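# Summary of the model geometry
Below, each chain spelled out in residue letters.
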Amino acid sequence: MNNHSETAKKPSFRTLPWTGTGIIFFAHFVVDSQANFFAPLVPLLKEKLGLSLTTIGFLISCQAMSGSITQPITGVVIDRWPWLPWLTVGLIGSSIAFTAIGWVTSVYGLTAAVIMGGILFGLCHPDMAARAGRLSSEHAGFIVSLFVTAGRLGFALGPLIAIFIAETLGMEHLWVFILVAVLAMVGVKLGMPAPPRRKKKDEKALEREGLVASLKHVRGPILLLFGIAAVRGTTLANLGGFLPAIFVEKGLGLWRGGMANTVIFFSGAIGVMLGGIMGDRYGKPKVITIGVGCALAGMVAFQLSSLEWAYISLAIIGAGVFVPMGVSVALAQEYLPEHRGFASSLILGSGWIFAGLTAIPLSLLGERIGMLNAFWTLPIVLFVGLVLALSLQRRDPEPESTT
């Protein structure tokens, strides 16, 4: 009954906090765009520092793991002390670290920049997501969807921004993007509501005790959702990390390599929005299955076609991989309604820990048989994801919402 009354009240866009929404959209765009500077510049860094394919795989793993492993931890810390300047530190710090890849002169410096960038990138997201959700209870779904879309657009356009700066000013001048990060930070400081003060400690203790009991109760579907998140992350980490270098190696140029990542993440931005719309209409488990199935079909098509036609299959992969993203988070939060922050970090952050580990063995395999041949492992990974999604759908009945 409560659901009907909620849908009857149509939120008015006139009451939407446009200023705060625009600022958090811009901040997320900036954070995620600079996080995608490394991959498109790999061909230039390979030439400058003499990187091997295995070293590149190691660096991709470092970035993916440092950015994901910190999110559950920083989520707890930010919930405990929300008024401290976590977003300011993360936004500016990650910008300094990720733009440093343009002027570092050794593999050790590059490794440090990638790891520090990943850690500070992970620090930003729980804070930004919490701020987005607090802007308006009336428009929370719409604002969070826009927030997620901003990140996908950042990942999509980040490669083109990095290549543009590298080709017009030189890779060592990548630091100019820090000025954009400063602009986003100023917007957050001046245009967004101050975070709330700390909640009572005993409330937090009870919450943590309840989390263990809640996880035991829904461990089956939560493990399936985690597995699907790991499959998504594995596909994205390896495609996004190695594609630019493959395009350059095949003589298609730096811009076309960067555009490959742009296509994946731009179509992913569309996929996130489509997934949210379809999930409400057809059921979240079913939409997750459709998304993973589309990604599998696109990955097989990519492997069977030439790179000149790859953008079509990459668009299908991007949309398919991202369709389940927001839906998986929403479903995890339905299973753990009292622990929404933990549910979000489990799907968005923790799944990437496993994904980050896969770049090293894949790069070693690529050294032996060629990277494009090594990519045949990705359809196998996505097939496993499809099996997990079908298992979730069969269990499923979506959890009954509790209010």
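Residues numbered from 1 in each chain as written. Predicted model: local features only at pLDDT ≥ 70, side-chain atom pairs only at ≥ 80, totals over all residues. Heavy atoms only, no water.

Secondary structure summary: the protein chain contains 18 helices and zero strands in total. Across the 403 residues that make up the protein chain, the buried fraction comes to 53%. Here the analysis covers contacts within the protein chain between residues at least 6 apart in sequence; of these, 85% occur between residues at least 24 apart. Counting every atom, the protein chain has about 17,900 Å² of accessible surface; 68% of that belongs to carbon and sulfur. (Helix = DSSP H or I, 4+ residues; strand = E, 2+ residues; numbered from the N terminus. Buried < 20%, exposed > 50% of the residue type's maximum accessible area, 1.4 Å probe, protein only. Contact = heavy atoms within 4.5 Å. Areas by Shrake-Rupley, 256 points an atom, 1.4 Å probe, with all protein chains shown as cover.)

Okay, the packing of aromatic side chains next. Scanning the model with the defined rule gives six aromatic pairs in all. With 6.0 Å between their ring centres and 15 degrees between their planes, phenylalanine 247 and tyrosine 311 make a pair best called stacked. Pair noted here: phenylalanine 247 is in helix 11 (residues 219-249) and tyrosine 311 is in helix 14 (residues 310-335), with a separation of 64 residues, a long-range link. Owing to a relative accessible area of 21%, tyrosine 311 belongs among the partly exposed residues under this scheme. (Phe/Tyr/Trp six-rings, centres within 6.5 Å; stacked < 30°, edge-to-face > 60°.)

Time to look at the packing of helix 2 (residues 18-35) against helix 6 (residues 86-99). Relative to each other, helix 2 and helix 6 sit at 25 degrees, their axes nearing to 9 Å. In this view, helix 2 runs roughly parallel relative to helix 6, as classed from their interaxial angle. Every pair of crossing elements has a handedness; the one defined by helix 2 and helix 6 is left-handed. Only Leu91, Ser94, Ser95 and Phe98 of helix 6 make contact with helix 2, whose side of the interface consists of Ala27, Val30, Val31, Gln34 and Ala35. Here the contact of helix 2 with helix 6 is composed, by residue class, of six nonpolar, three polar and no charged. (Axes fitted to C-alpha atoms, helices over the stretch in contact; angles between N-to-C directions. Parallel < 35°, antiparallel > 145°, perpendicular 65-115°, else oblique. Left-handed = near helix turned anticlockwise from the far one by under 90°. Nonpolar A, V, L, I, M, F, W, Y, C, P; charged D, E, K, R; others polar.)

This part is about helix 4 (residues 53-69). Between its first and last C-alpha atoms helix 4 spans 24 Å; for 17 residues at 1.5 Å apiece the expected length is 24 Å, and the two agree. By the criterion of burial, helix 4 is predominantly enclosed, with twelve of the 17 residues buried. Every buried residue of helix 4 is listed here: Leu53, Ile56, Gly57, Leu59, Ile60, Ser61, Cys62, Gln63, Ala64, Ser66, Gly67 and Ser68. (Expected span 1.5 Å × (residues − 1).)

Along the polypeptide, asparagine 261 turns up in helix 12 (residues 254-282). The buried category is assigned to asparagine 261, whose relative accessible area is 0%. Excluding residues within four positions of it along the chain, asparagine 261 makes contact with Asn36, Ala39, Ala156, Pro159, Leu239, Gly240, Leu243 and Pro244.

Looking at the element boundaries, aspartate 32 is found in helix 2. Not counting residues up to four positions away in its chain, the partners in contact with aspartate 32 are Phe121, His125, Gly151, Arg152, Gly154 and Phe155.

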